[in-house]
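Notes for the structure review
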Amino acid sequence: MAKIELTRSPFIKNALKSRYPQLAVFIIMLVGYIFAILAGLIGTPVGSHNFSIVFVWIAWWAVLILVAVPFFGRGWCAVCPIPLPGEWLQRGAILSPPGKRPKWLNLRVPKMFRNIWMQNISFLLLALFSSVLLTTPNITGIVLAAMLFAAIGLSTIFERCAFCRYLCPVGGFIGLYSQTAPIELRIKDKQVCVQCEGKPCYNGSELGYGCPWDVFPGGLSKNTYCGLCMECIRTCPHDNIAVNLRPFSADLAKPSTRIDEAFKAFIMLGSAMIYAGVLLGPWGAFKDAAYNVGTSAWFMYVIIFLAIIFGILPGFFTLGILKTKSRLPVKHCFASLATALIPLGLMFWVAFSLSFVLTNASYIVAALSDPLGFGWNLFGTTNTAWQPMLTSILAPGQTLALVGGLIWSARTAQKASSEINISSIPTIVYSFILTLVMFWLLL
Amino acid sequence: MNPRLSLLLIGLAGLAVAFAPLPVQPIAPQERTFEIDARQYAYSPSELQVNHGDTVTIQLVSTDVVHGLYIDGYDISVEADPGQTASLTFIANKSGSFRFRCNVTCGAMHPFMIGKLNVGIDNWLYRSIGLATLAIFGTVISMRQKA
Ligand code: SF4
Ligand code: SF4
Ligand code: SF4
Ligand SMILES: [Cu+2]
């Protein structure tokens, strides 16, 4: 299937090139974000009536995992308010082109951190505290504020947006799954880039900033590290940047060879399964353990969580690889074949989120009217009773998502394994078994 | 066999697996009573097994704060005050697996206070296993076709 260049439409192109539409969305997002922090800190401690919990963990999460990531990849990052204050501070400007001299320290991120291990760790940290985070407005407020300040702090020390690129726990998994999205930003003609003087897309010019994500657009081959900030569309003097509509998961045709990215796939896959069991399962003991941070039960939960993600899941996967005879190093096969787990993991999250979101969506209506839980009734919907929605389509919907994910990952496995010339069967069997576990947990 | 034809057959089999009505075994309906203890944030027992057509009575006993029990799909509920027993009776006339959950805000983990009611066999679990198996066959066949 061919690609369709969306930026060929002058309307889309101008909307992306101009800073104002994006700025308008940014401002709404930033106001919402700051309101979520305040609501978390000063609003009611009852999670299901607090804006920060309901809007972040139900509304935003639903949009992110069910719509934004599958269809727009890093589309959320294009409008995310978290890096904004830091970027404004770093540039000493909100809209105008950059000054000559870099502000602040502007250091380069040390080489050992230039991978996504910090993101893996930051995601895991949130994951291990997730039961408290998901249910306690205070904690959600503090975490949201901490992300904002971390982004500001890092932008005064390091060049570009180090927070987004190397630390953001959300950015890590959006980047992984953005490879499956049917949207991409790419250059149009490699030759034009080769001859382009000064590479303003990377270095910046009077038209805009150099790529905040520290990627050279001329070399982009997958969505993972492009934040869709649209700066390169503004800076490229040769009109060589395009936003394309493309087949789903086009990036996965070229499997990654990076171990940090392979482990991100396991972290996400494992977390979706653990959450499905702990949060949506009938076992009270797991919930107690996950919630009571600091107790010995919680430490057991942490150990089991980490053992599943770093031991059991990758362990069985590796055993499967060892069964296939290959002359390539195991590490290489491991990373390449883990590509097949990306669509599987995304659909695990979709299936998990469906039940979580549909059963709790009615809180959104109530929280809208009384976002802080102070007893307001702005839209007359404060007393809307809790009511799970669409429970009759839940099981078929989850089945569809999980079976679809399995087919998608089996096909990805076939492509990845033909790239490196080994059998795809162990990877397909592995995906099949994990899918069965997910059926058992969710249905 | 022609691979296209086999894919078509697999597709048809998939539709059958997804939508064909399952035979309901004619088991004489019974009356069943369960006593369920509710505490923050779990039910005990947390899984109930009944047959299609049974008349089910749930006696909900709350051991700490006010808790509720709402059954997805059946859309019925009951609420129990601390130390009190509340009772709910219904006819299990829909098959499958249904979550029941607390419908009275009872503390932090309230949204995750969940149990499971199985009426007959868990329809979607078996259908989904069948579909996943067919899907794998289909994928392998299409792989052969290309090879
Ligand atoms: S990486 Fe994180 S902070 Fe950066 S834009 Fe994406 S979600 Fe926002
Ligand atoms: S500025 Fe445009 S033409 Fe030059 S290197 Fe960047 S994308 Fe290529
Ligand atoms: S400048 Fe271009 S390549 Fe860099 S993050 Fe922004 S949109 Fe992506
Ligand atoms: Cu309860």
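Residues numbered from 1 in each chain as written. Chains lettered and ligands numbered in written order. Predicted model: local features only at pLDDT ≥ 70, side-chain atom pairs only at ≥ 80, totals over all residues. Heavy atoms only, no water.

**Focus: the interface of chain A and chain B**
Put simply, the rule reads: Only heavy atoms matter for contacts: two residues are in contact if any of them lie within 4.5 Å across the pair. Put simply, buried area is the surface a 1.4 Å probe can reach on two separate parts but cannot reach once they are joined, added for both. By convention in these notes, a salt bridge is any Lys or Arg side-chain nitrogen within 4 Å of a carboxyl oxygen on Asp or Glu. Pairs of N or O atoms within 3.5 Å make up the polar contacts considered here, provided that, within protein, one atom can donate a hydrogen while the other can accept it, and that residues adjacent in sequence are counted only when both atoms are side-chain atoms. Segments assigned H or I by DSSP are reported as helices when at least four residues long, segments assigned E as strands when at least two residues long, and all are numbered from the N terminus.
Contacts between the two partners involve 41 residues from chain A, matched on the other side by 39 residues from chain B. Together, the buried faces of chain A and chain B total about 3,200 Å²; carbon and sulfur atoms form 67% of this surface. Area buried by chain A at its contact with chain B is led by Pro 282, Trp 386 and Leu 443 of chain A, which between them contribute 18% of it. For the pair chain A and chain B, the number of links is one salt bridge. Taking the shortest distance from any N to any O, the salt bridge between Asp 288 of chain A and Arg 39 of chain B comes out at 3.3 Å. Joining chain A to chain B, the criterion identifies ten residue pairs in polar contact (both at pLDDT 80 or more). Elements represented by at least two residues in the side of chain A that touches chain B include exactly α7 (130-135), α14 (259-280), α15 (284-291), α18 (341-360), α20 (391-419) and α21 (425-442) of chain A. Counting residues per element, the side of chain A that touches chain B draws most heavily on α20 of chain A, which supplies ten residues.

**With respect to the site of ligand 3**
Just so we agree on the cut-off: Any residue with a heavy atom positioned within 4 Å of a molecule or strand is treated as near that molecule or strand. All amino acids are sorted into three groups, where Ala, Val, Leu, Ile, Met, Phe, Trp, Tyr, Cys and Pro are nonpolar, Asp, Glu, Lys and Arg are charged, and the leftover types, Gly among them, are polar.
Near ligand 3, the surroundings consist of 13 residues, among which Cys 211, Cys 226, Gly 227, Cys 229 and Cys 232 of chain A are the closest. When its residues are assigned to classes, the shell around ligand 3 shows eleven nonpolar, one polar and one charged.

**So, the pattern of salt bridges**
Heads up, the condition is: For every residue, the accessible area (1.4 Å probe, protein chains only) is compared with the maximum for its type, and the residue is labelled buried under 20%, exposed over 50%, or partly exposed between those bounds.
Inspection of the entire model under this criterion finds 23 salt bridges over all chains. A salt bridge links Arg 108 of chain A to Glu 159 of chain A, with the shortest nitrogen-to-oxygen separation between them at 2.4 Å. A residue pair is termed long-range when its members are at least 10 positions apart, and Arg 108 of chain A in the loop between α5 (84-91) and α6 (117-128) and Glu 159 of chain A in the loop between α8 (137-157) and α9 (162-167) qualify at 51 residues. Residue Arg 108 of chain A is classed as partly exposed on the basis of its relative accessible area, which comes to 42%. The salt bridge involving Arg 32 of chain B is made with Asp 54 of chain B; its shortest N-O contact spans 2.4 Å. One end of the pair, Arg 32 of chain B, is in strand β1 (residues 31-39); the other, Asp 54 of chain B, is in the loop between β3 (47-50) and β4 (55-62), with 22 residues separating them in the sequence.

**Overview of the site of ligand 1**
Residue and element names in this part refer to chain A. In the vicinity of ligand 1, the residues found are Trp 76, Cys 77, Cys 80, Ile 82, Pro 83, Phe 163, Cys 164, Cys 168, Gly 171 and Trp 213. Mapped by element, the contributors of at least two residues to the shell around ligand 1 are α4 (75-79) and α9. Partitioning the shell around ligand 1 into residue classes produces nine nonpolar, one polar and no charged.

**Notes on the coordination of the copper ion (ligand 4)**
Residue and element names in this part refer to chain B. The condition that has to hold: Because no water is among the atoms considered, metal sites can look incomplete, with donors defined as N, O and S atoms within 2.8 Å of the metal, or 3.2 Å for Na, K and Ca.
The copper ion (ligand 4) binds to the protein through His 67 (ND1), Cys 102 (SG), Cys 106 (SG) and Met 113 (SD), with metal-donor distances spanning 2.1 to 2.6 Å. Written as a sequence motif, the donor arrangement for the copper ion (ligand 4) is H-x34-C-x3-C-x6-M. Taking the relative accessible area as the measure of exposure, Cys 102 reaches 2% and is therefore buried. Relative accessible area serves as the criterion here: at 5%, Cys 106 is assigned to the buried category.

**Quick word on α5 of chain A**
Residues and elements named next belong to chain A. Counting buried positions over the eight residues of α5 gives six, a clear majority of the element. Restricting attention to buried positions, one finds in α5 the residues Leu 84, Gly 86, Glu 87, Trp 88, Gln 90 and Arg 91. Looking at the buried residues of α5, the elements they touch are α2 (19-42) and α8. Gly 92 lies just past α5 and shows a positive phi near 65°.

**Description of the sheet that holds strand β6 (residues 76-80) of chain B**
All names here are of chain B. Spelled out, the test is: Only strands joined by at least two bridges in the DSSP assignment are considered to pair. Lines are fitted to the C-alpha atoms to define the axes, a helix being fitted only along its stretch in contact, and any angle between axes, read from their N-to-C directions, falls within 0 to 180 degrees.
An order of β3-β9-β8-β5-β6 is seen for the five strands of this open sheet, with the pairing classed as mixed. The open sheet has two edge strands with one neighbour each: β3 and β6. The mean inter-strand angle of the sheet, taken between neighbouring strand axes irrespective of direction, is 20°. In the sheet, strand β5 (residues 67-71) pairs with β6 via five bridges, with the strands oriented antiparallel. Of the residues in β6, the one forming a bridge with Tyr 70 is Ser 77.

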